[in-house]
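Coordinate inspection notes
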Amino acid sequence: MKIVLIFDSGLSGEGGKSNPNCPLGAAHGGIGTAQIMEPAFKKINAEVQATLFCGVGYYREHTEEVVAKMTAMVKRLNPDFVVCGPGFNFPEYSEMCAVCCESILENTEIHTCAMMSQENVEVISKYAKKLPILKMPKKGGVGLGDSFEHLAEYMDASVNHPEMIAALSEKYCY
Amino acid sequence: MMKKLEGWLMPIANALSKNKVLVSIRDGFMFAVPMIIIGSIFLLISNFPIEGWSQFIASFAGEGWEANLDAVTSATFDCYAILGCIGIAYAYARENNVDKIECAILSLVNFLILAPKKFPAYTNEAGKSFSGFAFSNLGTKGIFLAMITAICTVLLFKWAVKKHWVIKLPDGVPPAVMDSFAALLPAAFAMFVFFVVNIIFTHTSFGNAPAFIYAVLQAPLLGVGRSAGFEVLYQFLSTLFWFFGINGPAVTNTIFSPIHQALTLENYEAAAAGLPMTNIFTAGFSDFFCNFGGGGSTLGLVIMMTFFSKSKRMRTLGKLSLPAAIFGINEPIIFGLPIVLNPLMAIPFLLTPVLNTILAQVATQIGFIPITIGVQLSWTTPIFISGFLVTGSINAVILQAVQLAMDMGIYYPFMKMQDIRYLEDEKNAANKKDNLDDLSFDDLQLN
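Please read these numbers as outputs of a predicted model, since none were measured by experiment. (Residues numbered from 1 in each chain as written. Chains lettered and ligands numbered in written order. Predicted model: local features only at pLDDT ≥ 70, side-chain atom pairs only at ≥ 80, totals over all residues.)

**Focus on the overall build of chain B**
Secondary structure summary: chain B contains 20 helices and two strands in total. Taking the principal axes of the C-alpha coordinates as reference, chain B spans close to 90 × 65 × 45 Å. Among the 447 residues that make up chain B, the fraction classed as buried is 42%. In chain B, once contacts between residues fewer than 6 apart in sequence are set aside, the share between residues at least 24 apart is 71%. (Helix = DSSP H or I, 4+ residues; strand = E, 2+ residues; numbered from the N terminus. Buried ≥ 20, exposed ≤ 12 C-beta atoms within 10 Å, placed from the backbone. Contact = placed C-beta atoms within 7 Å.)

If you want it as structure tokens, here you go:
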């Protein structure tokens, strides 16, 4: 399974609050936080094809451009699954995850999900019915490793075992 | 192994970080931190660690100038138990969905009910004994009593509310009046219980509740805080939790923070009384001699990444993280390098704070650096400045420099391994000739 990750600048290792205006970028394979997600991905034979990222400040100023280009890049790469997250409890990045996920769902046939913690009340209430948003702890919260395992399980079901997706959505999504 | 350890730690972290009492104690003392830091500034000015400072200020401010500053220091440090009592009751009421401000005030009243008010040993020339509240019971010595009082007050208040012992006024009465009347009977109940408890303690050999709590609970726990392994254990556990993505201090401080605070204030009180300070493991020691640049003491790592890494990714991240790291913030590398759940970084991340602690502990015990004074600085105070201000000694700056060099040495081989991995990734990416060849966003077809 080939995966594309959508990160903010902090998770991609381009500096978070110190580099919020980091423009749209892409890297081969998994970078930054991807390294701690990869053990879970390996269990389902998934490989990170590319990581797309941008700073939340840049996203705020160029929302339409970012979402359109992220979606177009996903189309070009044509992975099996796109993970928009993990957004932790970062409100702007979590919103970016939800908006990109929605766009990918609407404009492509590619499986995708967003991932964030319950502190993102507004984003979750706005998007949870439209797209799969997986649960995870806030930054520094308990259960980060487990949440990546759940993500992998969800991805595998989404791509290979669609009959299981309803049950897993019930279990792992908002 | 990692999975097993995580499985073992997670329930502990869950239990501690979700325990309402422990969370309220941690948060309650946090409410007082701004005032303590401001009080520390006044304390620092009146005791600035430079020879001739006092005389210099006295030359234009007049003799006894320190007394004006001490008014602020006393109102914060000497009343720390009161501040904690109010804060903890507020936080615990918040956790229990009862009236926060009423519980905070009520808790203060109950604390004062238990505090001794007659001091027959202190009499004036007319033979009248001192009657009032003594700093000795409102500061360090009252910390644990403050915690217990705050928690019990809220529980009693909540119990009375649940029993509907509430006076309800008709609609149209202003909310403030409504709330104060609603709190009347629960407050009366809680105060009556503390009134009885106070009477009971006056008939014991302890004479009062604060003396009992101090002897039975606080003194033994502070004894644990003075033991050799206390700080090492705190640092190790905090970092271990962080490694698994859990905010370590948020968990460990539920247990360790009151002890750190009490040990710090004991030093302040000893210094104020002209006695030698004896506690090594104060908040200042923990913040400024065990960790530099955030959990895992990652300042050394960030410096190595900035100046000694070869991969573009690591060098860029180092440069972007360095300004924040100087002020003790390492979020960019915790998730960006990453460090959390990264087995390669586990050894230096866990080892560095422990070795810093041991080195600083030995340096204090052999007298190379003095024991930290009661000053509490913001944990974001940069290295070297912090060492000088919390000890008043240039040797502390030298020690921090040695520790930083040691941290860089510990992190170097592991940083190098990660760097080599990133370099390979970068070379592979440059050589790849597939559909990923062009990851440029410029020539994308947008719908």
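**Topic: the domain arrangement of chain B**
The assigned domain composition of chain B is domain 1 (78–226) and domain 2 (285–429). Computed from C-alpha coordinates alone, the two centres of domain 1 of chain B and domain 2 of chain B are separated by 42 Å. (Domains from an automatic or database assignment.)

**Notes on the packing of helix α12 (residues 230–243) of chain B against helix α18 (residues 343–365) of chain B**
Residue and element names in this part refer to chain B. Close contact between α12 and α18 brings their axes to 9 Å; oriented N to C, the two are set at 160°. Relative to α18, the element α12 is oriented roughly antiparallel. Here α12 and α18 pass one another in a crossing that is right-handed. Only Ala346, Phe349, Leu350, Pro353, Val354, Thr357, Ile358 and Gln361 of α18 make contact with α12, whose side of the interface consists of Glu231, Val232, Gln235, Phe236, Thr239, Leu240 and Phe243. Partitioned by chemical class, the residues of the contact of α12 with α18 number ten nonpolar, four polar and one charged. (Axes fitted to C-alpha atoms, helices over the stretch in contact; angles between N-to-C directions. Parallel < 35°, antiparallel > 145°, perpendicular 65-115°, else oblique. Left-handed = near helix turned anticlockwise from the far one by under 90°. Nonpolar A, V, L, I, M, F, W, Y, C, P; charged D, E, K, R; others polar.)

**Comments concerning the pairing of strand β1 (residues 2–8) of chain A**
Residues and elements named next belong to chain A. β1 sits mainly inside the fold: six of its seven residues count as buried. By the bridge criterion, seven bridges tie β1 to strand β3 (residues 47–54) in an arrangement that is parallel. Pairing of Leu5 across the sheet is with Thr51, part of β3. By the bridge criterion, four bridges tie β1 to strand β4 (residues 81–84) in an arrangement that is parallel. Residue pairing in the sheet places Leu5 in a bridge with Val83 of β4. (Pairing = 2+ DSSP bridges.)

**So, the sheet that holds strand β5 (residues 111–117) of chain A**
All names here are of chain A. Pairing is mixed in the open sheet, where six strands are placed in the order β2-β3-β1-β4-β5-β6. The open sheet has two free edges, formed respectively by β2 (25–28) and β6 (133–136), since each of these has just one partner strand. Neighbouring strand axes in the sheet, compared pairwise and without regard to direction, differ in orientation by 25° on average. Across the sheet, helix α1 (residues 34–42) lies against β1 and β3, angled at about 150° from β3, the strand it touches most. Its contacts with the sheet put helix α4 (residues 91–107) on β1, β4, β5 and β6, and the angle it makes with β5 is roughly 165°.

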